[in-house]
Amino acid sequence: MGSSMVVPPLLRAVIMGPPGSGKGTVSARIIKHFGVKHLSSGDLLRDNMQKKTEVGILAKSYIDQGQLIPDHIMTQLMLNEIKRLDQHNWLLDGFPRTVAQAEALDKECHIDTVIDLDVPFETIKCRLTARWIHPASGRVYNLEFSPPKVKGIDDITGEPLVQRDDDKPETVSKRLQAYDAQTKPVLEYYRKKGLLKSFSGTETNKIWPHIYAFLQTKLPDVSQKDAAKPR
Ligand code: AMP
């Protein structure tokens, strides 16, 4: 690589939206098209829970109750991971979720843009409580889009389906309330800094082309095929 090559500035982005707003789907598309590194606080916590690390065991007790992990634990965990991403474009997903986390992040690095998925709570409640799983196989059903042949029963084994604790109506309501109380101030925080880009809608596929067009003003599309079709 010649020393005269212009290196484009690194993108430091955050994606926000209530749980169940399609953050995971949109993030996967952003990674595919723009080649950014993705750091999801939920994935990181689940990884720690699976490995039964100290943080993982602690996190489980909060997550099972639909509560947020305390700021100091979360911030330390995420800032450590962010340091490892060093010279890459990155997208944070699920962090920061509180103003204290946003302030701690600001001290460590400059954020360029915050993508906000603005999806109505009613749409989310329907989406999340529709998901049922067969625990032994991990098969996932959705009462709206891919229901089991017999209500409450796994198609293959005939065993009962269950709802993840996270997907139970009372937990979903608590998570949305926690989002309302703690995360909306974060949106406000970024709005005041002029960093917030909100995308409103009830369907991910309709929101996505707008996000794609926005990010194309910042990064080239690195996906080979389908470049013309932002799917
Ligand atoms: P998610 O998959 O992003 O919905 O995260 C699952 C759960 O992990 C959340 O409901 C919270 O309990 C916890 N969690 C994830 N990210 C954070 C964060 N930044 N701060 C506090 N708790 C978090």
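See above for the structure.
Residues numbered from 1 in each chain as written. Predicted model: local features only at pLDDT ≥ 70, side-chain atom pairs only at ≥ 80, totals over all residues. Heavy atoms only, no water.

## Some details on helix α1 (residues 23-34)
Stated precisely, the cut-off is as follows: Helix numbers and strand numbers start at the N terminus; a helix is a DSSP run of H or I with at least 4 residues, a strand a run of E with at least 2. What a helix is expected to span follows from its residue count: subtract one and scale by 1.5 Å. Three exposure classes are used, based on accessible area relative to the maximum for each residue type with a 1.4 Å probe and protein chains only: buried under 20%, partly exposed in between, and exposed over 50%. As used here, the arc is the angular range of directions from the helix axis to the C-beta atoms. The contact criterion used throughout is that any non-hydrogen atoms of two residues lie within 4.5 Å.
Here α1 spans 16 Å end to end across 12 residues, near enough to the 16 Å set by a 1.5 Å rise per residue. Every buried residue of α1 is listed here: Lys23, Val26, Ser27, Arg29, Ile30, His33 and Phe34. Mapping the buried residues of α1 onto a view down its axis gives an arc of 160°, with all of them on the same face. Along its buried surface, α1 packs onto β1 (12-16), β2 (37-40), β3 (90-93), β4 (113-118) and α8 (204-216). Glycine 35 sits one or two positions beyond α1 and adopts a positive phi of about 65°.

## Focus: the site of the ligand
Which entries qualify depends on this criterion: The rule for a residue being near a molecule or strand is that one of its heavy atoms must lie within 4 Å of it. Polar contacts, as counted here, are pairs of nitrogen or oxygen atoms within 3.5 Å of one another; within protein the pair requires one atom able to donate a hydrogen and one able to accept it, and residues that are adjacent in sequence qualify only if both atoms are side-chain atoms. Here the Shrake-Rupley method, with its probe set to 1.4 Å, supplies the accessible areas, and only the displayed protein chains count as covering residues. In this classification, Asp, Glu, Lys and Arg are treated as charged, Ala, Val, Leu, Ile, Met, Phe, Trp, Tyr, Cys and Pro as nonpolar, and every other residue, Gly included, as polar.
Around the ligand, the surrounding shell holds 14 residues, and the nearest of these are Ser41, Gln67, Ile69, Gly94 and Gln101. Here a nitrogen atom of the ligand and a side-chain polar atom of serine 41 are 2.7 Å apart. Against a free-state accessible area of 480 Å², the protein chains account for coverage of 93% of the ligand. In terms of residues, the shell around the ligand owes the most to one element, helix α2 (residues 41-50), which gives four residues. Among the residues making up the shell around the ligand, the classes are represented as six nonpolar, five polar and three charged.

## Structural notes on the pairing of β3
As a reminder, the rule being used: When DSSP finds two or more bridges between two strands, those strands count as paired.
Residue alternation in β3 divides its side chains into two sets, Trp90 and Leu92 and Leu91 and Asp93, and both sets are buried. Relative to β3, β1 is paired through four bridges, and the arrangement is parallel. Note that in β3 the partner of alanine 13 across the bridge is leucine 91. Of the pairings in the sheet, the one linking β2 to β3 comprises four bridges and is parallel in character. Each bridged residue has a counterpart across the sheet, and for lysine 37 the counterpart in β3 is tryptophan 90.

## Re the pattern of salt bridges
Short version of the rule: Take a side-chain nitrogen of Lys or Arg and a carboxyl oxygen of Asp or Glu: if they are within 4 Å of each other, that pair is a salt bridge.
For the structure on display, the rule yields 14 salt bridges. Ionic pairing is found between arginine 139 and aspartate 154, a salt bridge with its closest N-O pair at 2.9 Å. Residue arginine 139 is found in strand β6 (residues 139-142), and its partner aspartate 154 is found in the loop between β6 and α7 (169-192); the two are separated by 15 residues along the sequence. Accessibility expressed as a relative area gives 2% for aspartate 154, which makes it buried. A salt bridge links arginine 164 to aspartate 166; its shortest N-O distance comes to 3.1 Å. Overall, arginine 164 belongs to the partly exposed group, its relative accessible area being 31%. Its relative accessible area of 12% is what places aspartate 166 among the buried residues. Salt bridges sharing partners connect three or more residues here, namely Arg164, Asp166 and Arg175.

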